[in-house]
Amino acid sequence: MSVIETIHQHRSIRKYKPDPIPDELLDEILSAGIRASSSGNMQAFSIVVTRKRKLREQLYKAHNDQEMVLEAPLLLTFCADFHRMRQWLSISQAPDNFDNFMGFMVAAIDAILVSQNVALAAESQGLGICYLGSTLANCDQVGLLLKLPVNVVPVVGFTLGYPDENPALRDRLPLEGLVHHETYQDYRDEQIKEIYREREIKGWDRYMSYPRVRQMIIDAGVDNLAKVYTVVKYTRETHGELSHKILNYLHEQDFMN
Ligand SMILES: Cc1cc2nc3c(=O)[nH]c(=O)nc-3n(C[C@H](O)[C@H](O)[C@H](O)COP(=O)(O)O)c2cc1C
């Protein structure tokens, strides 16, 4: 498949065969991944490969009990990492200017670009992935389990393995709803309705097809997809709590000076 075909074939995989991923294949995928662009070519990221079942069992909790963490043969965690670079600066008697929010963002962007490169490389080789939002949401627990030193923060992660399911492609908002030419063109309500028209039907049907989510939607008296997002899935309370937790962890990890 061409790169563009691989991209168009992407779907998140949440069920995996138990088959292990050969070391050579993993190295090939990771080597392709680290070719991603990087701010100043500093490569301010680290990738943690977790294969051991025992450690995955511990991470399972931190990843909100998502079964795929146990099922997939391995887990990749992409971390914003200025720890290594700071050590190099120190032994080179160079000043250290990266223990701040800008440093975190530079490193987080590097880590995220690498992760998506790795994801595409993996998919091009017949493997499947599914990102885990819990990597950032529970970055403190993940960081503890992976023994991350100061100045390292997990930002994204995904399960990786041979797919044991073939889900349908999920819809995307139409291109014209996402792209602005020359300057940002703000939306009229009618345009917003048109952009979300198909999503409102497909997204609603999808959530209602999961018995547990369906019950939550009914219990909350929710009657449209927009409300599913902010009344059921991503509430003000949880997003507020998570924001504080992540900011505290950034302080602890010496990124907020
Ligand atoms: C940062 C990020 C976090 C995600 N976290 C989760 C997750 O915790 N669990 C999950 O099942 N899917 C997760 N996903 C996958 C999305 O649900 C999925 O990409 C989206 O629904 C589109 O579906 P597709 O990837 O199959 O096209 C995550 C995706 C991203 C980019």
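Everything here concerns the structure above.
Because the structure is a prediction, the values reported are computed rather than measured. (Residues numbered from 1 in each chain as written. Predicted model: local features only at pLDDT ≥ 70, side-chain atom pairs only at ≥ 80, totals over all residues. Heavy atoms only, no water.)

1. Remarks on the site of the ligand
Stage number 1. As a matter of local geometry, the ligand sits amid His10, Arg11, Ser12, Arg14, Gln66, Met68, Cys130, Tyr131, Leu132, Gly133, Arg170 and Arg172.
Stage number 2. The side chain of glutamine 66 places a nitrogen or oxygen atom 2.8 Å from a nitrogen atom of the ligand.
Stage number 3. Note that a nitrogen atom of the ligand is positioned 3.3 Å from one of the backbone N or O atoms of tyrosine 131.
Stage number 4. Protein chains shield 66% of the accessible area of the ligand, which is 620 Å² for the free molecule.
Stage number 5. In terms of residue class, the shell around the ligand is built from four nonpolar, four polar and four charged. (Near = heavy atom within 4 Å. Polar contact = N/O pair within 3.5 Å; in protein donor to acceptor, adjacent residues only side chain to side chain. Areas by Shrake-Rupley, 256 points an atom, 1.4 Å probe, with all protein chains shown as cover. Nonpolar A, V, L, I, M, F, W, Y, C, P; charged D, E, K, R; others polar.)

2. Overview of the state of the cysteines
Stage number 1. Scanning the model with the defined rule gives zero disulfides in all.
Stage number 2. Among the cysteines around cysteine 139, which has no disulfide bond, cysteine 79 carries the closest sulfur, lying 10 Å off.
Stage number 3. The class for cysteine 139 is buried, based on a relative accessible area of 0%. (Disulfide = S-S within 2.5 Å. Buried < 20%, exposed > 50% of the residue type's maximum accessible area, 1.4 Å probe, protein only.)

3. Observations concerning the pairing of strand 2 (residues 74-81)
Stage number 1. Within strand 2, eight of the eight residues are buried, which leaves the element mostly enclosed by the surrounding structure.
Stage number 2. Side chains Leu74, Leu76, Phe78 and Ala80 project from strand 2 onto one buried face, and the interleaved Leu75, Thr77, Cys79 and Asp81 project onto a second face that is buried too.
Stage number 3. Strand direction decides the pairing type here: strand 1 (residues 45-50) and strand 2, joined by six bridges, are antiparallel. Residue pairing across strands places valine 48 opposite threonine 77, the latter belonging to strand 2.
Stage number 4. As defined by bridge partners, strand 2 adjoins strand 4 (residues 152-161) across eight bridges and the pair is classed as antiparallel. Each bridged residue has a counterpart across the sheet, and for leucine 75 the counterpart in strand 4 is threonine 159. (Helix = DSSP H or I, 4+ residues; strand = E, 2+ residues; numbered from the N terminus. Pairing = 2+ DSSP bridges.)

4. Points about the packing of aromatic side chains
Geometry of an aromatic ring pair is reported as the spacing of the ring centres plus the angle between the planes.
Stage number 1. Per the stated rule, a full pass over the model turns up eight aromatic pairs.
Stage number 2. Summarising the aromatic geometry, the rings of phenylalanine 101 and phenylalanine 104 are spaced 6.2 Å apart at their centres and angled 35° between planes, so their arrangement reads as tilted. With phenylalanine 101 and phenylalanine 104 both in helix 6 (residues 101-124) and three residues apart, this pair spans about one turn of that helix.
Stage number 3. The exposure class assigned to phenylalanine 101 is partly exposed, which follows from its relative accessible area of 42%.
Stage number 4. Using a relative accessible area of 7% as the deciding quantity, one classes phenylalanine 104 as buried.
Stage number 5. Ring centres of tyrosine 207 and tyrosine 229 lie 6.1 Å apart, and the angle between their planes is 90°; this geometry places the pair in the edge-to-face category. Separated by 22 residues along the polypeptide, tyrosine 207 in helix 10 (residues 189-208) and tyrosine 229 in helix 12 (residues 225-233) bring together distant segments of the chain. (Phe/Tyr/Trp six-rings, centres within 6.5 Å; stacked < 30°, edge-to-face > 60°.)

5. Some words on helix 5 (residues 83-91)
Stage number 1. Taken as a whole, helix 5 has its buried residues at Met85, Arg86 and Leu89. Take helix 5 and look down its axis: the buried residues cluster within an arc of 100°, on one side only. Away from its buried face by more than 90 degrees, helix 5 exposes Trp88, Ser90 and Ile91.
Stage number 2. In the segment just after helix 5, glutamine 93 is the residue with positive phi, at about 50°. (Arc of directions from axis to C-beta.)

6. Brief notes about the pattern of salt bridges
Stage number 1. Applying the stated rule across the entire model yields 13 salt bridges.
Stage number 2. Between arginine 51 and aspartate 23 there is a salt bridge, and its shortest N-O distance comes to 2.8 Å. Placement of the pair is arginine 51 in the loop between strand 1 and helix 3 (53-62) and aspartate 23 in helix 2 (residues 23-33), with a sequence separation of 28 residues.
Stage number 3. Exposure remark for aspartate 23: the relative accessible area of 49% places this residue in the partly exposed category.
Stage number 4. Across the salt bridge formed by aspartate 254 and arginine 86, the nearest N and O atoms sit 3.2 Å from each other. Here arginine 86 lies in helix 5 and aspartate 254 lies in the segment after helix 13 (236-252), a separation of 168 residues in the sequence.
Stage number 5. Through salt bridges with shared partners, one network takes in Arg86, Asp96, Asp99 and Asp254. (Salt bridge = Lys/Arg side-chain N within 4 Å of Asp/Glu carboxyl O.)

7. Topic: the packing of helix 10 against helix 11 (residues 211-219)
Stage number 1. It is at 7 Å that the axes of helix 10 and helix 11 come closest, and there the two elements cross at 110°. One element, helix 10, and the other, helix 11, form an angle in the roughly perpendicular class. In this structure, helix 10 uses Trp204, Tyr207 and Met208 to contact helix 11, whose residues at the interface are Val213, Arg214 and Ile217.
Stage number 2. Its residues placed into classes, the contact of helix 10 with helix 11 shows five nonpolar, no polar and one charged. (Axes fitted to C-alpha atoms, helices over the stretch in contact; angles between N-to-C directions. Parallel < 35°, antiparallel > 145°, perpendicular 65-115°, else oblique. Contact = heavy atoms within 4.5 Å.)

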